[in-house]
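Results of the structural survey
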Amino acid sequence: MLRTRLVAAPVLVLLLAPATAQKLKEGLFRNVELCNSASSPETRIEACSAFIEAGRGGPSSLSIAYNNRGIAYAAKADYDRAVADFESAIASDPAFVKPLNNRGATRLKKGEYDAAIEDFDRAIGLQPAYAGAFANRAETWLKKGDYARAESDYAAATRLNADMEDAWSGLCWIRAVAGDPQAAMETCDKAIGAGAHTASTYDSRALAHLKAGRPDAAIADYDAALRIDPELANALYGRGLAKLRRGKTSSGEEDIAAAKALRIDIAEEFARYGVQ
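Keep in mind the model is a prediction, meaning the values are calculated, not measured. (Residues numbered from 1 in each chain as written. Predicted model: local features only at pLDDT ≥ 70, side-chain atom pairs only at ≥ 80, totals over all residues. Heavy atoms only, no water.)

Some remarks on the overall build of the chain
As a reminder, the rule being used: The helix count covers DSSP runs of H or I at least four residues long, the strand count covers runs of E at least two residues long, and both are numbered beginning at the N terminus. Here's how the labels work: a residue is buried when its accessible area is under 20% of the maximum for its type, exposed when over 50%, partly exposed in between, all with a 1.4 Å probe on protein chains only. Contact criterion: two residues are considered in contact whenever any of their non-hydrogen atoms come within 4.5 Å of each other. For the area figures, the Shrake-Rupley method with a 1.4 Å probe applies, and any residue is considered shielded solely by the protein chains shown. Under the convention used here, Asp and Glu are negative, Lys and Arg are positive, and both His and the chain ends fall outside the count. Charged side chains are reduced to one point each, which is NZ for Lys, CZ for Arg, CG for Asp and CD for Glu.
In terms of helices and strands, the chain carries 16 helices and zero strands. With the C-alpha coordinates of the chain rotated into their principal frame, the extents come out at 80 × 35 × 30 Å. Taking all 276 residues of the chain together, 50% fall into the buried category. Partitioning the contacts of the chain with sequence separation of at least 6, the portion at a separation of at least 24 is 54%. For the chain, the accessible area works out to roughly 12,700 Å², and carbon and sulfur atoms hold 49% of it. If you average the places of the 35 positive and of the 37 negative side-chain charges in the chain, the two averages end up 2 Å apart.

Some points on the packing of helix H13 (residues 215-228) against helix H14 (residues 233-245)
The condition is simple: Axis lines are fitted to C-alpha atoms, over the contacting stretch for helices. Their N-to-C directions set the angle, which ranges from 0 to 180 degrees. Note that the term roughly parallel is reserved for angles under 35 degrees, roughly antiparallel for angles over 145, roughly perpendicular for angles of 65 to 115, and oblique for everything else. Note on convention: near helix rotated counterclockwise from far helix by under a right angle means a left-handed crossing. Clockwise means right-handed. The nonpolar class holds Ala, Val, Leu, Ile, Met, Phe, Trp, Tyr, Cys and Pro. Asp, Glu, Lys and Arg form the charged class, and all remaining residues, Gly among them, are polar.
The contact between H13 and H14 brings their axes to 9 Å, and the two run at 155°. Classified by the angle between their axes, H13 and H14 sit roughly antiparallel to one another. Between H13 and H14 the crossing geometry is left-handed. Side by side, H13 and H14 meet where Pro 215, Ala 218, Ile 219, Tyr 222, Asp 223, Ala 225 and Leu 226 of the first sit next to Asn 234, Ala 235, Leu 236, Gly 238, Arg 239, Ala 242, Lys 243 and Arg 245 of the second. Grouping the amino acids of the contact of H13 with H14 by side-chain chemistry returns nine nonpolar, two polar and four charged.

What to know about the nonpolar core
For the record, the criterion: To define a nonpolar core, start from buried Ala, Val, Leu, Ile, Met, Phe, Trp, Tyr and Cys residues and group those joined through side-chain atoms within 4.5 Å.
In this structure, Tyr 154, Leu 207, Leu 210, Tyr 222, Tyr 237, Leu 241 and Phe 270 are the most contacted members of the largest nonpolar core, which totals 57 residues. Discounting residues that sit within four places of it in the chain, Leu 207 has contacts with Trp 173, Ala 176, Val 177, Tyr 222, Phe 270, Tyr 273 and Val 275. In this structure, Val 32, Phe 51, Ala 65 and Ala 89 belong to the second largest nonpolar core, which totals 10 residues.

As for helix H9 (residues 147-160)
Given 3.6 residues to a turn, an α-helix orients residues that are three or four positions apart in the same direction. Let me state the cut-off plainly: Expected span of a helix: the number of residues minus one, times 1.5 Å.
For H9, built from 14 residues, the straight-helix expectation of 20 Å at 1.5 Å per residue is met to within 8% by its first-to-last C-alpha distance of 20 Å. Taken together, the buried positions of H9 are occupied by Ala 150, Asp 153, Tyr 154, Ala 155, Ala 156, Ala 157 and Thr 158. For H9, the elements touching its buried residues are helix H8 (131-143) and helix H10 (165-178).

A look at helix H2 (residues 28-37)
Put simply, the rule reads: Relevant arc is that of directions from the helix axis to the C-beta atoms, nothing else.
Regarding H2, the residues found buried are Leu 28, Asn 31, Val 32, Cys 35 and Asn 36. Buried residues along H2 cover an arc of 130° about the axis, so they all sit on one side.

Concerning unusual backbone geometry
In this structure, Ala 77 takes a positive phi of about 60° despite not being glycine. Checked against the element boundaries, Ala 77 lands in the loop between helix H4 (59-75) and helix H5 (79-92). Ala 77 gets classed as partly exposed once you look at its relative accessible area, which sits at 47%.

Focus: the environment of Ser 152
Looking at where Ser 152 falls in the secondary structure, it is placed in helix H9. Given a relative accessible area of 45%, Ser 152 falls into the partly exposed group.

Side note on the side chain of Arg 107
Let me state the cut-off plainly: By the criterion applied in these results, polar contacts are pairs of N or O atoms within 3.5 Å in which, for protein atoms, one can donate a hydrogen and the other can accept it, and in which residues neighboring in sequence qualify only through two side-chain atoms.
As for its placement among the helices and strands, Arg 107 is situated in helix H6 (residues 98-109). Side chain to side chain, Arg 107 and Asp 119 meet in a polar contact 2.9 Å long. Apart from the residues within four sequence positions on either side, Arg 107 is in contact with Val 83, Glu 87, Glu 112, Ala 115, Ala 116 and Asp 119.

Notes on the confidence of the model for the chain
Caution applies to low-pLDDT parts of the model: their predicted coordinates are not meant to be read in detail. Note the cut-off: Values of pLDDT, the confidence the predictor places in each residue, fall between 0 and 100.
Model confidence for the chain is summarised by a mean pLDDT of 88, while 90% of its residues fall at 70 or above. Within the chain, helix H1 (residues 18-24) has the poorest average pLDDT of any element, 46, and helix H7 (residues 113-126) the best, 97. Low pLDDT, under 50, characterises residues 11-24; the predicted model gives this stretch 24 contacts beyond four residues in sequence or across chains.

So, the pattern of salt bridges
The criterion, for reference: Here a salt bridge means any side-chain nitrogen of Lys or Arg lying within 4 Å of a carboxyl oxygen belonging to Asp or Glu.
Counting across every chain of the model gives 22 salt bridges. Ionic pairing is found between Asp 255 and Arg 239, a salt bridge with its closest N-O pair at 2.7 Å. Highlighted residues: Asp 255 in helix H15 (residues 249-262) and Arg 239 in helix H14, separated in sequence by 16 residues. Glu 269 is the partner of Arg 263 in a salt bridge, and the nearest nitrogen-oxygen pair spans 2.1 Å. We classify Arg 263 as partly exposed; its relative accessible area is 26%. Overall, the relative accessible area of 9% leaves Glu 269 in the buried class. A cluster of three or more residues bridged by salt bridges with shared partners is formed by Glu 87, Arg 103, Arg 107 and Asp 119.

In structure tokens, the structure reads:
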């Protein structure tokens, strides 16, 4: 539902003598440029690898190159190589916080939640105002079912960066599932105001409306979620329940049947949210 944040490194800076720079500008300098900014993961991996193998960067530059290559491997879902590169980045420059966050985000994708939390803890220890690390740690707590810690970390992320739509969306979801519906709706409004025009955010606000006894508002938000993701089982099931409450029996049952075809356990999930 939410998205972990992998963060790119600062731009590589390579200082060479003028004659050497002229000689290498078509080679090494081009690799620096592509390692920094190539949109293709394959191109970035090739360029960063060439820079690393050339051995012309200091510890800080090598750390940036390893971090950038790790992001490219993560984009290809090659998580083991990504983690290895983030570890090399950390070893090259232990004070460089971004590869710590990125290793944590990759471990989260691998389901290694405790190891991910350790990385986010270290990242926050080095940079206490690191909103992205708080948001990533919140998502990890959410995966572990610890809503209280997840809510605390998402709230910290929004205090540090009021425009962080992922963090607002996370707060919206947690408060819709486990908190006061009115507080959830207010938080979801802030998420959407911050730019989180996503199926999951509209689905979360719809759940809050449903729990608050506002089926018409719930249907409107579920409709918005389903326009973005027509096969979002939560939105289909929730809209079905809202329609039943409005006396739209046939249409509601159709939505519920469609949701169950996508997620056989969807009714049990809603029961855990306190909605049946």
